[in-house]
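Survey of secondary and tertiary structure
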Amino acid sequence: MKKEAKTAVNQITEGVIWKQLLLFFFPIVFGTFFQQIYNTADTIVVGRFVGKQALAAVGGSTTVIVNLAVGLFVGLSSGASVILAQFYGAKDDDSLEKTLHTAFAFSIIGSIVLGVIGYAGSRWMLQIMDTPADVLEDSVLYLHIYFIGMLSNLLYNMGAGILRAVGDSKRPLYVLIITCTVNIILDLLLVIGFGLGVLGVAAATVISQAISAVIVIVMLLKTKESYRLIPFRIRFHSRYLKAILRIGIPAALESTMYNVSNLIIQVYVNKLGTDTVAAWGTLSKIDAFFWMVLNAFGISITTFVGQNYGAGKFTRMKKSVRICMIMALFSSVAISGTIILFGKELFGLFISDQKVLQIGVHMIFRMLPAYSIFVVISILSGALRGAGKVLIPMVLTCGGVCTLRLLWLFTMVPRYPGIDTIMLSYPISWSITATLFVIYYLKRFPKSYPEAGQNA
């Protein structure tokens, strides 16, 4: 492997682990926070100024479908982030450059495919999910506009993923602060000022995503580092595409299974009526503040493991997993506890309808106490992915979380119908899967390693 010396010290492979984890983590979590703010702003604006049907249209089945589409791509593109982190840690600039341009070619083609399929299949997907009739048309409208803007969405995600893979989590944060501000202004202008309702919310989201994509691409075009984007070099390099897909396909399957199980759960929720759909969609906005923190820890440990794996520092890699797990568990308890404590007030920000409010607060008390269980799955899965070990985590997740959850829905919900039975599928499937991950990690990881870079 060709290596080129760098003058700057790579703190991820050299610095104090807990400090570097936090320095890397905080920009990610703040960035996700601002991303969540502009997603939440959509929900608050339509819930307060349009009505509960519009709230259900923006936050119910549409959210599940969007997460399914974007999650599929993000899963595939995670292979690029892992490979980039490993090559950056190994200081292999030639392989880094070819992987980066292959990743951008993949993003462009992927956005076209997902955009066309999503636009054409929106109504069909909503109908098979039993979306309530009074929110169907608004949901179709929202998805059509969202999928038209798929290119900018995927280009931003890929560009931000590249920056984080090389240890730069600050600039994606700056981008999200800008686009969050733009989105909120556009929400207020288009929905309240011009009365465009769901159309205005969707347009504000797509415009904001386009701005974020442009800014990230400009950052990569202007950098003098080894991860510089050069447009005429964007093409597929078969060796690196295979490396990306070797890691990305299992991650994409895992993400797809997650979202398919959530889609089926949404079908069961939809059968309970608009009030429950609105409460369920609003809960997804409130608990997103928990998931954004956990996701930031997951990205952090994947990058730390990937770069130290590439540098051949396996003891440091294991230590970073332990430290990250402790920090993530502590954070999860604090956040879920806060949401439980102020559940009624948080729901009141989104909706004034008392029936929806009552259902939502009940959901919080039933769901949030179990959220810390998922921390184990997220951190160990991210660590294994960073080392290029993706097949077993995918099998554990798809079998433990997704398949068991679906079996629960198919067997128990018909016997004990209601939202409580549906929600119980989460802690049961999480507990079993977390146990399997701990067993696998302790017995198999890390046992032996190839030389850094052999994953590609």
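Now for a look at the structure at hand. (Residues numbered from 1 in each chain as written. Predicted model: local features only at pLDDT ≥ 70, side-chain atom pairs only at ≥ 80, totals over all residues. Heavy atoms only, no water.)

**Here we look at the overall build of the protein chain**
When its secondary structure is counted, the protein chain shows 18 helices and 0 strands. Here the C-alpha atoms of the protein chain give a radius of gyration of 21 Å, agreeing with the 23 Å that 2.2 N^0.38 yields for 456 residues. Once the C-alpha set of the protein chain is aligned to its principal axes, its extents read approximately 60 × 45 × 35 Å. Across the 456 residues in the protein chain, those meeting the buried criterion constitute 60%. Considering only intrachain contacts with a sequence separation of at least 6, the fraction spanning at least 24 residues in the protein chain is 85%. (Helix = DSSP H or I, 4+ residues; strand = E, 2+ residues; numbered from the N terminus. Rg over C-alpha atoms; globule rule 2.2 N^0.38 Å. Buried < 20%, exposed > 50% of the residue type's maximum accessible area, 1.4 Å probe, protein only. Contact = heavy atoms within 4.5 Å.)

**A short note on helix α7 (residues 150-165)**
Between its first and last C-alpha atoms α7 spans 22 Å; for 16 residues at 1.5 Å apiece the expected length is 22 Å, and the two agree. The buried fraction of α7 amounts to 14 of the 16 residues, a majority that puts the element mostly inside the structure. After α7 finishes, the residue Gly 167 shows a positive phi value of roughly 95 degrees. (Expected span 1.5 Å × (residues − 1).)

**A look at the packing of aromatic side chains**
Under the counting rule described, the total for this entry stands at 16 aromatic pairs. Note on Phe 25 and Phe 297: the rings are 4.0 Å apart at their centroids and 20 degrees apart in plane angle, and the pair reads as stacked. With Phe 25 in helix α2 (residues 17-49) and Phe 297 in helix α12 (residues 288-310), this residue pair connects regions lying 272 residues apart in the sequence. The class of Phe 297 is buried, set by a relative accessible area of 2%. Centre to centre, the rings of Phe 290 and Trp 291 are 4.9 Å apart; their planes meet at 90 degrees, and the pair counts as edge-to-face. (Phe/Tyr/Trp six-rings, centres within 6.5 Å; stacked < 30°, edge-to-face > 60°.)

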